[in-house]
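Structure assessment
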Amino acid sequence: EPMPEPIVLATPAEMSAWSRQALQAGKSIGFVPTMGALHAGHKSLMDRARKENDLLAVSIFVNPTQFGPGEDFERYPRSFEADAQLCAEADVDAIFQPTPQDMYAADARTFVEVGGLQDVLCGLSRPGHFRGVATVVAKLFAIVRPARAYFGRKDAQQLRIIEVLSRDLHLGVTIVPCEIVREPDGLALSSRNKYLSPAQRKQAVCLNQALAHAQKRVAAGEKDAMALIGKMAELIEQAAPDAEIDYVAIVDMQTLQDVAAVSGGCMAALAVKLGNTRLIDNMRL
């Protein structure tokens, strides 16, 4: 028989009422926060959350405070009907779809910052971005009150910031990291991939290839971070002459600080612009 359609809750008050009822009934809530434009990466988060919790809530909210001036807030893909369909297939119980006005009062004054972790890597070229992410996630956790929330490792810096946010503010939410889902040729799934022209799409494979090369070199005994970074940058420049490298880095996964020598608990991370589209990827070394 067909799955029941997810209930769509439009305001924080409605979402909170649903959660309160669930918690009073002794049910655990698994939560997948998204900006919509859902793909198989999001679906893998939902599938995992479905198994590990009594109820599954998904938010669909393109959060204005994490977009900088000149970034793609207006253009960011919005596809609610397709998204609701994917949620139905994933057996989601509730979709929370608030408006920016509902999430941010006109005179909102409270913002959340995770010092030190928000200023490196993507934070350098997107100042204010992670303040927006941390703030909206704190709000969503307060409204949804999940036991567990699921985040992809593709956004490794975001994941780490949210782990520390939840720990430091005693939000009581277990953050569950989920593996990156990739296209058959290795490109990490992203809602922004649909901006790529066919030629750019071909070139985009070089992000994953550069990371895989670094991983192979480390497995063969290379420890020197600068040597690995140089090689990754070179591979990207060869494969995608039009690409603009934002950063290629090797960092400690806990502190996100650069390391000189690769050891356990490190990752290679990179951000590359192809045309107007900024792509990120990372790999544990």
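Residues numbered from 1 in each chain as written. Predicted model: local features only at pLDDT ≥ 70, side-chain atom pairs only at ≥ 80, totals over all residues. Heavy atoms only, no water.

Brief notes about the overall build of the protein
When helices and strands are counted, the protein shows nine helices and nine strands. In the protein, which comprises 285 residues, the share counted as buried stands at 51%. Considering only contacts in the protein between residues 6 or more positions apart, those separated by 24 or more positions represent 71%. Accessible surface, the protein as shown: approximately 13,300 Å² in total, 52% of it carbon and sulfur. Charge separation in the protein, taken as the distance between the mean sites of 30 positive and 34 negative side-chain charges, equals 2 Å. (Helix = DSSP H or I, 4+ residues; strand = E, 2+ residues; numbered from the N terminus. Buried < 20%, exposed > 50% of the residue type's maximum accessible area, 1.4 Å probe, protein only. Contact = heavy atoms within 4.5 Å. Areas by Shrake-Rupley, 256 points an atom, 1.4 Å probe, with all protein chains shown as cover. Lys, Arg positive; Asp, Glu negative; His and termini not counted. Charge placed at Lys NZ, Arg CZ, Asp CG, Glu CD.)

A word on the packing of aromatic side chains
Under the criterion given, the structure shown has three aromatic pairs. An angle of 70° between the planes, with centres 6.3 Å apart, marks the rings of Phe31 and Phe141 as edge-to-face. Note that Phe31 is positioned in strand β2 (residues 29–34) and Phe141 in helix α6 (residues 129–144), a separation of 110 residues in sequence. For the pair shown, Phe31 and Phe141 are each scored as buried. Connected via pairs of aromatic rings, a cluster forms that spans Phe67, Phe73 and Tyr76. Of note, Arg75 hangs over the ring of Tyr195, and the distance from its end group to the ring centre comes to 3.9 Å. (Phe/Tyr/Trp six-rings, centres within 6.5 Å; stacked < 30°, edge-to-face > 60°. Lys NZ or Arg CZ within 6 Å of the ring centre and 35° of its normal.)

Structural notes on the pairing of strand β5 (residues 148–152)
Across two bridges, the pairing between β2 and β5 is parallel. Bridging from a neighbouring strand, Phe31 pairs with Ala149 of β5. As a crossover connection, the stretch from β5 through helix α7 (residues 156–168) into strand β6 (residues 174–178) is right-handed. (Pairing = 2+ DSSP bridges. Right-handed = clockwise from strand over helix to strand, strands pointing away.)

Regarding α6
With 16 residues, α6 extends 22 Å from end C-alpha to end C-alpha; this agrees with the ideal 22 Å at 1.5 Å per step. Burial analysis of α6 places 13 of its 16 residues in the buried class, the great majority of the element. Within two residues after α6, Arg145 carries a phi angle of roughly 50°, on the positive side. (Expected span 1.5 Å × (residues − 1).)

Observations concerning the side chain of Lys154
Locating Lys154 in the fold gives a position in the loop between β5 and α7. With residues up to four places along the chain from it excluded, the contact list for Lys154 reads Ile180, Ala188, Leu189, Ser190, Ile280 and Asn282.

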